[in-house]
Amino acid sequence: MQIRTFLFLASCAAGLSLQAEEALRDTTRMDEVVVTGTRVATDARHLPLTVTSISNETLNQHYRSSVLPTVMEQTPGLFTTSRGMLGYGVNNGAGNIKVRGVGSGAQLLVLIDGQPQYAGLMGHPIPDVYQTLMTEKVEVLRGPASLLYGSNAMAGVVNIVTRQMNQDGCKTNIRLQGGSYGTVEADGVNRFRMGKFSSVVGAQYQRSDNNRPNSQFEQFGGYVKLGYEFSDKWKAFADANVTHFNSSNPGPVSAPLLDNDARITRGLASISLSNDYGCTSGTLRLFCDWGHHNIDDGYSPGATPKAALYKHDDYIAGLTWYQSMHFFQGNTVTVGIDWQHFGGSAWNADKQTGAKTYLVKDEDGNIVENQHADEVGTYVDFRQDIWKWLSVDAGLRVDWHSVIGTELVPQGGLSFHPTRNADIKALVSKGFRNPIIREMYMFPPATTDLKPESMMNYELAYTQRIGSRARIGANIFYIKGKNLINTTMVGGRPRNVNTGEFENWGLELSADYTINKYWSVNGNYSFLRMDTPIEGAPEGKLYLGATFHKDRWTASAGLQNISGLYIATGANPQKENFTLLNATVGVKALPWLTAFVKGENLLAERYQTYAGYPMPKATFMGGFSLDF
C-alpha cells in the first residue's frame, strides 16, 4: 500500500511540475544552499534529505530572544513544549523538541555551527541557550542524521549557524523590550571586520515572573566569535558562549511545589580551521561543552524542605574533521571522523554541612566521583549527479562506543529533477541513540546492559519552485523504531531495559509566496499518525504567516493551530487542541531606531503543552531596536 502511494504521488508531482514549468519558464530560480545535510555548503536540490532553513530576518520578525518559538512555527513536523512566557528550565519536560513524534530526552541533536550541544550526563539539549542574537540562520534536518552526526541525531538535527561579518565595517544592534508579567529582555550584538580579521560579540539579559506564582526566570550570558582569514583558501574561527539562568518550577497545578529552583551555568567553546580549494574543502574543529547544575527539588506545601541540593558538573570534549572532494564532474565525496569524550560527576550536597553524597556508579555498581564514556565515528558520504536530472547519494557510518560497542549506520537516497524548478526525492536512512550516562550509571534503574535505540526512516518528498517568488513542498514518511529504553520492574527492582517499539507515519506540507514588494505569506502543515501515543507530539500542526513592509512600517502575523497534542499518555491519555494568534508591528522612527509592539496568544486561549502547566493567556510586549 505504501509503495503504491509513493508511486502515485510521484506521478502527480511530475505532472504538476511540468505544467508549472511551462507557465513560468521566463522566471528566475533561486537555489537554497544548506550545510547541515552534508557538512559543506551544498545546493539543497541535490540532497535527498528534508531540510528547513530559517533566516535571521525571519527569526527577528517577532523580536524573540529564543530561536525555538520561531523554529517551531516555520518547521512542519517539529514541536516544542513550554511552561510559561519565558524560560524552559531543565527540571521538567519544558523545552522538549520532537520531530515527527521522536525526540524524547537525547533523541534529537542540537548543534551550534556543527558542534554537538547537550548535557554530558543527562544527554538532553539545553533550550534556554539557543538565542537569536548569536544566530545567522537555523537549519532543521527532519529525520535521522546519524550518518554525519552519530548518536543523538536519531530524530534529526537542529543546527544553529552563528553570525558572521562578511564586509569591512562595524555594525551594532541593541534591543530593549518589556511587557506582561514583569518580563524584561535586553540584548546586543556587535559585528566588526577589518581586512582579514572579523569578530562578533553579543550579550543578553532577560527575566520574567511568568504567569504562575513561584515560576520566575532570569538569564544572562555572552557570546564572542573571532575569525581570521590567512588567505582566500584558509581561515580560522574561535568562539565561546557562556549562559547562566535561574529558574523556578512551580510544579503542576494539582501538586504545586515550593523552592523547586535551578541555578544552571552552561558554556561552550571551539576553535576551527577551514580550507576551500574549490575541488576540495573541509574543516577541523576542537570543541568543549560544559555545565554546572545546582538544583533544589523543592517540597509540597506543608511538607519538609529537602535536606540536600542536587548538583552536577558535566562536560563534552571532542574533535570533528571532515573533507569534501570533487573527483570529477558532478561528484562529491565527503569523509569524516568524530570523537567525543563525555561524562561528569553528580552528587547530593547537604544544605547545612555541604557534605557530598555521590550518585554515579561504575560498571561494578561501586560509587565513583566521575564517570565518562567515549564515542568515535567515521563515515563516508558519496553523491553523484547523473546528467542534469538525477542525483544519487549513499553513505555509511561506523560508530564505536566505549561501553555499548559498534553500530553501523547506512543511508541512501535519490534526487530526481524532472524540470529545472522541480525535485522529487526518495530517502532511506537510519538513526540511533546510544544510552546516556544517566541510564547506565545513575539512580536505581541504571544498567550497562543496554543496546542503542534505533529507527529506520523512509520518505518521499516533492518540491516545486515557481520562479523566484514561490515554493511549495510536500513529503510523506514512515518510521519504525526499536529498542527504546524504558524503566520496568525486573525481579522486584526498577531497571532500564530495551523494550520500546513504535511506528509513526505522516504528511508534511509547506509553501511560501512573495506576493509583491510589500506582502509575503508562508505556511506549513503536518499530520502525524502514531501507533503508540507520545507525550509532547501533536497529531496535527498548522501555521499560516504573513509579513507586510512599506516605507517605515513593518507588520507580521502568525496563526498556529495545534490538534491532538498528547500531554499525557498511558491508561488515561489527555489531548490538547488550541489556536494561537501572534502579531508584531514596527515603525522606523529614525534611520537608526525602530519601535515595536507585539502580542502573543491574542485569542486568549487556555491551553497547556506540558501536563499541569497552563500557559499564559494574551501577553503583550513593546520596545526599541537600535541599529548603528
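Residues numbered from 1 in each chain as written. Predicted model: local features only at pLDDT ≥ 70, side-chain atom pairs only at ≥ 80, totals over all residues. Heavy atoms only, no water.

A.B. asks: If you had to explain the overall build of the protein chain to someone new, which residues and values would you point to?
C.D. replies: The number of helices and strands found in the protein chain is five helices and 34 strands. Its C-alpha radius of gyration of 24 Å places the protein chain within 12% of the 25 Å reference for a compact globule of 628 residues. When its C-alpha atoms are laid out on the principal axes, the protein chain stretches across 75 × 60 × 55 Å. Buried residues in the protein chain amount to 54% of all 628 residues. Contacts spanning at least 24 positions in sequence make up 62% of the contacts within the protein chain whose residues lie at least 6 apart. If you average the places of the 56 positive and of the 58 negative side-chain charges in the protein chain, the two averages end up 4 Å apart. (Helix = DSSP H or I, 4+ residues; strand = E, 2+ residues; numbered from the N terminus. Rg over C-alpha atoms; globule rule 2.2 N^0.38 Å. Buried < 20%, exposed > 50% of the residue type's maximum accessible area, 1.4 Å probe, protein only. Contact = heavy atoms within 4.5 Å. Lys, Arg positive; Asp, Glu negative; His and termini not counted. Charge placed at Lys NZ, Arg CZ, Asp CG, Glu CD.)

A.B. asks: Outline the sheet that holds strand β8 (residues 135-142), listing residues and values.
C.D. replies: On the basis of which strands lie adjacent, the open sheet formed by five strands has the order β3-β8-β9-β6-β7 and mixed pairing. A strand with exactly one partner marks an edge of an open sheet, and here the two such strands are β3 (50-55) and β7 (115-116). Pairing between strand β6 (residues 109-112) and strand β9 (residues 156-162): four bridges, direction parallel. Paired with V110 across the strands is V158, a residue of β9. (Pairing = 2+ DSSP bridges.)

A.B. asks: Before we move on, can you summarise unusual backbone geometry with the specific residues and values?
C.D. replies: The general pattern is negative phi for most residues beyond glycine and trans for most peptide bonds. With a phi angle near 55°, Y63 is a residue other than glycine that sits in the positive phi range. Mapped onto the elements, Y63 comes out in the loop between α2 (56-59) and α3 (68-74). Note on Y63: relative accessible area 12%, which makes it buried. One non-glycine residue with positive phi stands out, namely N214, at about 60°. Among the structural elements, N214 can be located in the loop between β12 (197-208) and β13 (217-229).

A.B. asks: Hey, could you go over empty space enclosed by the protein for me, with residue numbers and the actual values?
C.D. replies: Enumeration according to the criterion identifies eight cavities of 30 Å³ or more in this entry. Its boundaries defined by the atoms lining it, the largest cavity holds a volume of some 710 Å³. Residue lining of the largest cavity: 38 residues in total, with P69, G84, M85, E600 and M615 positioned closest to the centre. Among the elements of the structure, α3, β4 (78-80), β11 (183-194), β13, β31 (553-568), β32 (574-590), β33 (593-600) and β34 (619-627) are those that each provide at least two residues to the lining of the largest cavity. Sort the elements by how many residues they give to the lining of the largest cavity and α3 lands first, with four residues. Residues that form the lining of the largest cavity fall into these classes: 16 nonpolar, 15 polar and seven charged. (1 Å grid on protein atoms, 1.4 Å probe; cavity = no way out; pocket = protein on both sides within 12 Å on 5 of 7 lines; lining within 4 Å. Points joined across faces, edges and corners; volume = space filled by probe spheres on them. Nonpolar A, V, L, I, M, F, W, Y, C, P; charged D, E, K, R; others polar.)

A.B. asks: Quick one: what's the story with the pattern of salt bridges, residue by residue and with numbers?
C.D. replies: According to the stated counting rule, one finds 26 salt bridges in the structure shown. The partner of D168 in a salt bridge is R193, with the nearest N and O atoms 4.0 Å apart. In this pair, D168 sits in the loop between β9 and β10 (169-179) while R193 sits in strand β11, placing the two residues 25 residues apart along the sequence. In this structure, R397 and D399 form a salt bridge, with 3.0 Å as the shortest nitrogen-oxygen distance. (Salt bridge = Lys/Arg side-chain N within 4 Å of Asp/Glu carboxyl O.)

A.B. asks: Which residues make up the nonpolar core, and what are the values?
C.D. replies: Formed by 89 residues in total, the largest nonpolar core has its most connected members in V67, V71, L78, Y130, V138, Y149 and V157. When sequence neighbours within four positions are dropped, the list of residues in contact with V67 reads L59, Y130, Q131, T132, T135, V138 and I160. Among the nonpolar cores identified, the runner-up in size contains five residues, and A422, I424, Y462 and I476 belong to it. (Core = buried A, V, L, I, M, F, W, Y, C linked by side-chain atoms within 4.5 Å.)

A.B. asks: Tell me about the packing of aromatic side chains, and please be specific about residues and values.
C.D. replies: Using the criterion set out here, one finds 13 aromatic pairs in the structure. Considering the side-chain rings of W347 and Y358, the 6.2 Å spacing of their centres and the 55° angle between planes classify their relative orientation as tilted. One end of the pair, W347, is in strand β18 (residues 331-350); the other, Y358, is in strand β19 (residues 356-358), with eleven residues separating them in the sequence. Where Y610 meets Y613, the ring centres are 5.1 Å apart and the plane angle is 35°; that geometry is what we call tilted. Accessibility expressed as a relative area gives 4% for Y613, which makes it buried. One aromatic cluster is present, built from ring pairs that chain together W387, W389 and F416. Lying over the aromatic face of Y518, K550 brings its terminal NZ or CZ to 5.2 Å of the ring centre. (Phe/Tyr/Trp six-rings, centres within 6.5 Å; stacked < 30°, edge-to-face > 60°. Lys NZ or Arg CZ within 6 Å of the ring centre and 35° of its normal.)

A.B. asks: I'd like to hear about the confidence of the model for the protein chain, residue by residue, with values.
C.D. replies: Residues with a pLDDT of 70 or more make up 94% of the protein chain, whose mean pLDDT is 91. No element of the protein chain has a lower mean pLDDT than helix α1 (residues 2-23), at 38, and none a higher one than β33, at 98. A low-confidence stretch, residues 1-30 (pLDDT under 50), is modelled with 37 contacts involving residues beyond four sequence positions or located in other chains. (pLDDT = per-residue confidence, 0-100.)

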